[in-house]
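Chain by chain, the residues:
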Amino acid sequence: MRKIAANYIITLTGKPLKNGILVLNDDNVITEIIDTGGQLRDAEKIEFYNGILVPGFVNCHCHLELSFMKERIPAGAGIDGFIDGMVHLRKEDENVILHEIHKYDRIMASNGIVAVGDISNNSSSFELKKKSSLFYHTFCEVFHPDEKHADDEFIKGLALYQKAKKEYNLSASIVPHAPHTVSDKLFSLIKKHAAQTGDILCIHNQESATENEYFLSGTGKLYNKLKEIRKDSFAWEKKNVSSLKYVYEKLPPVNNILFVHNTFSSQNDIETASSYFKNLFWCLCPNSNLYIENALPDVHLLRKNKQKIVVGTDSLASNTRLNILEELKTISANFDNISLEEMISWACLNGAEALNIEDIYGSFYSGKKPGVVLLEKVNIQNFKLTQESKVKVIV
Ligand SMILES: [Zn+2]
């Protein structure tokens, strides 16, 4: 048994506890949360830490298999430059890919991350995920913009999904990559499968302004890049609506769904999505958005609309770290008046709900095993992160 205390505990099941105590059994399951009323006694039996204790973080959007791509695509290239970098990437040795997958799984653990929603285009990370101390939900991603390839691409995705579930016993689902990379037919195959299974969905959404331009007016940098890549097979008619408005009904309304990025989502987009989807989560990956587009989503607009926000790191192709606290620091530095407790609820409890793991993760509650993370070098008086804030894993 351990008794762990700190200046504050953000429980996410009640108000923050000053000098509160967490009691854990030998399996690291929480057995009691003690509100001391701010007065800590019996100090010799307690581990006390300076800082704020929070549950382990849920990284809702990652591509662990792309960890070898760190610093290979320059920052600030825009989405068209990023696509170019991905398309022309030199083939990497499988051992290097596996080495980086293992390395960054451990780095995520040391950054206080306990669960990950992870995109897979192949099975290179499956062995690691099976053995890891972290929980992984694997999003088996499919994409092909050409209708002719919809059946083949879906069968490939289905095989990856079955491998993840049956061979590796992983939690998994089949998901579309993005509005501009998935044909209507491929969307309908994904929708049918998701409606049958009830699996968690995700889709990259409105990551660039030019994605909306592609759908609204059939012009722009994304249009030009896709035309260049696909050459003769490229045929695109403008849709006169934003990318979100074009695709939302191509997905089932009841499954949990994570919209990832949302850098250029408008009030109208938010209203459209939130009135259709019953279990909608908006995933923010701010450091990736700064890396690729040097832009950030309108976080206050999502808050004003009372939307559920979750947080992800995206991959090391477009980020320098897989560290949720660094994402929260970026949000805190760029958006005023968002409390630390609110951001922690996005990064922990909302993330756990999105991945259907809130029975174990996401908050301090008797019977849960959410991990215990200490936030050090925070401004305790104002309850604010500083640029020096860092994570120490306690449990
Ligand atoms: Zn992504």
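Residues numbered from 1 in each chain as written. Predicted model: local features only at pLDDT ≥ 70, side-chain atom pairs only at ≥ 80, totals over all residues. Heavy atoms only, no water.

Its location among the elements puts Asn 289 in helix α10 (residues 286-292). Here the alpha-carbon distance between Asn 289 and Lys 185, two residues 104 residues apart in the chain, equals 29 Å. Those residues within four positions of Asn 289 in sequence are excluded, and the remaining contacts are His 261, Thr 263, Asn 294, Ala 295 and Pro 297. (Helix = DSSP H or I, 4+ residues; strand = E, 2+ residues; numbered from the N terminus. Contact = heavy atoms within 4.5 Å.)

By a widespread convention, an interface's size corresponds to the accessible area lost as its parts come together. In terms of domains, the chain is made up of domain 1 (2-54 + 382-393) and domain 2 (57-360). One C-alpha centre belongs to domain 1, the other to domain 2; they are set 33 Å apart. In this complex, domain 1 contributes 16 residues to the contact, which on the side of domain 2 involves 17 residues. On inspection of domain 1 and its partner domain 2, the count reaches two residue pairs in polar contact (both at pLDDT 80 or more). Of all elements in the fold, only β5 (47-55) and β15 (390-393) reach the threshold of two or more residues within the side of domain 1 that touches domain 2. The biggest single contributor to the side of domain 1 that touches domain 2 is β15, with three residues. Counted by class, the side of domain 1 that touches domain 2 contains nine nonpolar, four polar and three charged residues. (Domains from an automatic or database assignment. Polar contact = N/O pair within 3.5 Å; in protein donor to acceptor, adjacent residues only side chain to side chain. Nonpolar A, V, L, I, M, F, W, Y, C, P; charged D, E, K, R; others polar.)

So, on to the packing of helix α1 (residues 78-87) against helix α7 (residues 221-230). The geometry of α1 relative to α7 is characterised by a closest axis approach of 9 Å and an angle of 25° between their N-to-C directions. In this view, α1 runs roughly parallel relative to α7, as classed from their interaxial angle. Contacts from Asp 80, Ile 83, Asp 84 and Val 87 in α1 reach Lys 221, Leu 222, Lys 225, Glu 228 and Ile 229 in α7. When its residues are assigned to classes, the contact of α1 with α7 shows four nonpolar, no polar and five charged. (Axes fitted to C-alpha atoms, helices over the stretch in contact; angles between N-to-C directions. Parallel < 35°, antiparallel > 145°, perpendicular 65-115°, else oblique.)

Once that is clear, we can look at the pattern of salt bridges. Taken as a whole and assessed by the stated rule, the structure comprises 20 salt bridges. A salt bridge links Lys 131 to Glu 127; the nearest nitrogen and oxygen atoms lie 3.3 Å apart. One end of the pair is Lys 131 and the other is Glu 127, both in helix α3 (residues 126-131) and four residues apart, which spans about a single turn. Across the pair Glu 326 and Lys 329 runs a salt bridge, and its minimum N-O distance is 3.0 Å. Here Glu 326 and its partner Lys 329 are both found in helix α12 (residues 324-334), three residues apart, which amounts to about one turn of the helix. For Lys 329, a relative accessible area of 6% puts it in the buried group. A network of salt bridges, in which partner residues are shared, links Asp 84, Lys 225 and Glu 228. (Salt bridge = Lys/Arg side-chain N within 4 Å of Asp/Glu carboxyl O. Buried < 20%, exposed > 50% of the residue type's maximum accessible area, 1.4 Å probe, protein only.)

Binding of the zinc ion to the protein goes through His 61 (NE2), His 63 (NE2), His 204 (NE2) and Asp 314 (OD), at separations of 2.0 to 2.7 Å. Relative to the metal, the four donor atoms surrounding the zinc ion lie at angles of 84 to 165°, and the coordination shape comes out irregular. Sequence positions of the donors to the zinc ion reduce to the motif H-x1-H-x140-H-x109-D. (Donors = N, O, S within 2.8 Å, 3.2 Å for Na, K, Ca; no water. Tetrahedral: all angles 85-135°; square planar, octahedral: opposite > 155°, others 65-115°.)

In this structure the tally under the stated criterion is one cavity of 30 Å³ or more. Estimates place the volume of the largest cavity at around 30 Å³. Lining the largest cavity are Leu 284, Pro 286, Leu 296, Pro 297, Val 299, Ile 331 and Phe 335. In the lining of the largest cavity, the residues fall into seven nonpolar, no polar and no charged. (1 Å grid on protein atoms, 1.4 Å probe; cavity = no way out; pocket = protein on both sides within 12 Å on 5 of 7 lines; lining within 4 Å. Points joined across faces, edges and corners; volume = space filled by probe spheres on them.)

This part takes up the nonpolar core. With 111 residues, the main nonpolar core has Phe 57, Leu 258, Leu 328, Ile 344 and Leu 375 as its most contacted residues. Mapped onto the domain boundaries, this core takes at least three residues apiece from domain 1 (2-54 + 382-393) and domain 2 (57-360). Beyond its immediate chain neighbours, meaning those up to four positions away, Ile 344 contacts Ile 10, Leu 12, Val 54, Pro 55, Phe 57, Leu 328, Leu 349 and Leu 375. Residues Ile 4, Leu 17, Tyr 49 and Phe 364 belong to the second largest nonpolar core, which totals 13 residues. (Core = buried A, V, L, I, M, F, W, Y, C linked by side-chain atoms within 4.5 Å.)

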